[in-house]
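Below, each chain spelled out in residue letters.
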Amino acid sequence: MASFRETGVLSREELAGRLPPGERLRRGACAVIECVEEIPCNPCEEACPFGAITIGEDITAPPTLDFERCRGCGTCLAVCPGLAIFLLDLSRGAAEVTLPHELLPVPEPGDEVELLSRAGEVLGRGRVVETRRARTTWLITVELPAEGLLGEVRAVRRSP
Ligand code: SF4
Ligand code: SF4
């Protein structure tokens, strides 16, 4: 399968091991870090108050996440310049994803939005349950129509 470097979209192989298991998500929100490029970047590691993200001494190493240390606080989403970190959650009776969002207009709670894949394809429609301003970005939490979309939805767009 083609790599992120070739397509700009993470392949299944590149995502392997990055998605928190359902059992973990039923206990509370957890981050997924979709950053695979070897770039000199580490604000996510420095920002995590719980030491859940590790890059280490080689600043070009891709980050790894300890699912059990992550508390789902969202701090790392707001500092990632690549908008490559998301929160997944199955603990509130629905499948929810929280996304960094930097397009206007910003959706509001209750809005119905289009759910977009990593490649920008429309996957369905969801409902915004929460929005919060975090530094220079917005964090948008969306309820998904199916648990299977947790690993697929990575952006939203206000419905026309
Ligand atoms: S969501 Fe919070 S606890 Fe989890 S990795 Fe990010 S900063 Fe750390
Ligand atoms: S801040 Fe974002 S782009 Fe930088 S290493 Fe962390 S996940 Fe990757």
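Residues numbered from 1 in each chain as written. Chains lettered and ligands numbered in written order. Predicted model: local features only at pLDDT ≥ 70, side-chain atom pairs only at ≥ 80, totals over all residues. Heavy atoms only, no water.

Enquirer: Hey, could you go over the packing of aromatic side chains for me, with residue numbers and the actual values?
Expert: Think of a pair of aromatic rings as described by two things: how far the centres are apart, and how the planes are tilted against each other in angle. Overall, the coordinates contain zero aromatic pairs when judged by the stated rule. Directly above the ring of F86 sits R154, whose terminal nitrogen or CZ lies 5.0 Å from the centroid. (Phe/Tyr/Trp six-rings, centres within 6.5 Å; stacked < 30°, edge-to-face > 60°. Lys NZ or Arg CZ within 6 Å of the ring centre and 35° of its normal.)

Enquirer: So what about the pattern of salt bridges? Which residues, and what values?
Expert: If the charged atoms of two oppositely charged side chains come close together, the side chains can form a pair. As enumerated under the stated definition, the model contains 14 salt bridges in all. Across the pair R27 and E68 runs a salt bridge whose closest N-O atoms are separated by 2.9 Å. In this pair, R27 sits in the loop between helix 3 (22-25) and strand 1 (30-33) while E68 sits in the loop between strand 3 (64-65) and helix 5 (75-79), placing the two residues 41 residues apart along the sequence. Note on R27: relative accessible area 48%, which makes it partly exposed. E68 gets classed as exposed once you look at its relative accessible area, which sits at 51%. Residue R132 pairs with E130 through a salt bridge whose shortest N-O separation is 3.9 Å. Judged by its relative accessible area of 31%, R132 falls in the partly exposed class. It is possible to trace a salt-bridge network through shared partners that takes in E34, R118, E152 and R154. (Salt bridge = Lys/Arg side-chain N within 4 Å of Asp/Glu carboxyl O. Helix = DSSP H or I, 4+ residues; strand = E, 2+ residues; numbered from the N terminus. Buried < 20%, exposed > 50% of the residue type's maximum accessible area, 1.4 Å probe, protein only.)

Enquirer: Just give me the short version of the pairing of strand 6 (residues 112-116), but keep the residues and values in it.
Expert: Regular strands show a simple pattern: their side chains alternate between the two faces of the sheet. Most of strand 6 sits out of view: four of its five residues are buried. Summarising the sheet, strand 6 and strand 7 (residues 122-134) pair through five bridges and their orientation is antiparallel. Residue pairing for strand 7: V113 is matched across the bridge by G126. As consecutive antiparallel partners, strand 6 and strand 7 are separated by five residues, and within that stretch G120 has a phi angle of approximately 90°, a positive value. For strand 6 and strand 9 (residues 155-158), the ladder comprises four bridges, and the chain directions are antiparallel. Bridge pairing in strand 9 links E114 to R157. (Pairing = 2+ DSSP bridges.)

Enquirer: Can you lay out the site of ligand 1 for me, pointing to particular residues and giving the numbers?
Expert: Inspection of the region around ligand 1 gives 14 residues, with C48, C70, R71, C73 and C76 positioned closest. Broken down by class, the residue content of the shell around ligand 1 amounts to 10 nonpolar, three polar and one charged. (Near = heavy atom within 4 Å. Nonpolar A, V, L, I, M, F, W, Y, C, P; charged D, E, K, R; others polar.)

Enquirer: Account for the sheet that holds strand 9, naming residues and giving values.
Expert: Pairing is antiparallel across the open sheet formed by seven strands, whose spatial order is 1-4-5-8-7-6-9. Each edge of the open sheet carries a strand with a single partner, namely strand 1 and strand 9. Across the sheet, the mean angle from the axis of one strand to that of its neighbour is 40°, orientation sign disregarded. As paired strands, strand 7 and strand 8 (residues 137-144) are joined by seven bridges and run antiparallel to one another. The residue bridging A134 from the neighbouring strand is T137, located in strand 8. (Axes fitted to C-alpha atoms, helices over the stretch in contact; angles between N-to-C directions.)

Enquirer: Give me the pairing of strand 5 (residues 95-101): which residues, what numbers.
Expert: For strand 5, the tally of buried residues reaches seven of seven residues, placing the bulk of the element in the interior. Every second residue of strand 5 is oriented toward a common face, with A95, V97, L99 and H101 on one face and E96, T98 and P100 on the other, all of them buried. Counting the residues in the hairpin turn of strand 4 (residues 85-89) and strand 5 gives five residues, including G93, whose phi is positive at 85°. Strand direction decides the pairing type here: strand 5 and strand 8, joined by seven bridges, are antiparallel. Of the residues in strand 8, the one forming a bridge with V97 is V142.

Enquirer: I'd like a description of the site of ligand 2, backed by residues and values.
Expert: Close to ligand 2 lie I33, C35, C41, P43, C44, I55, P63, C80, P81 and I85, which account for all nearby residues. Broken down by class, the residue content of the shell around ligand 2 amounts to 10 nonpolar, no polar and no charged.

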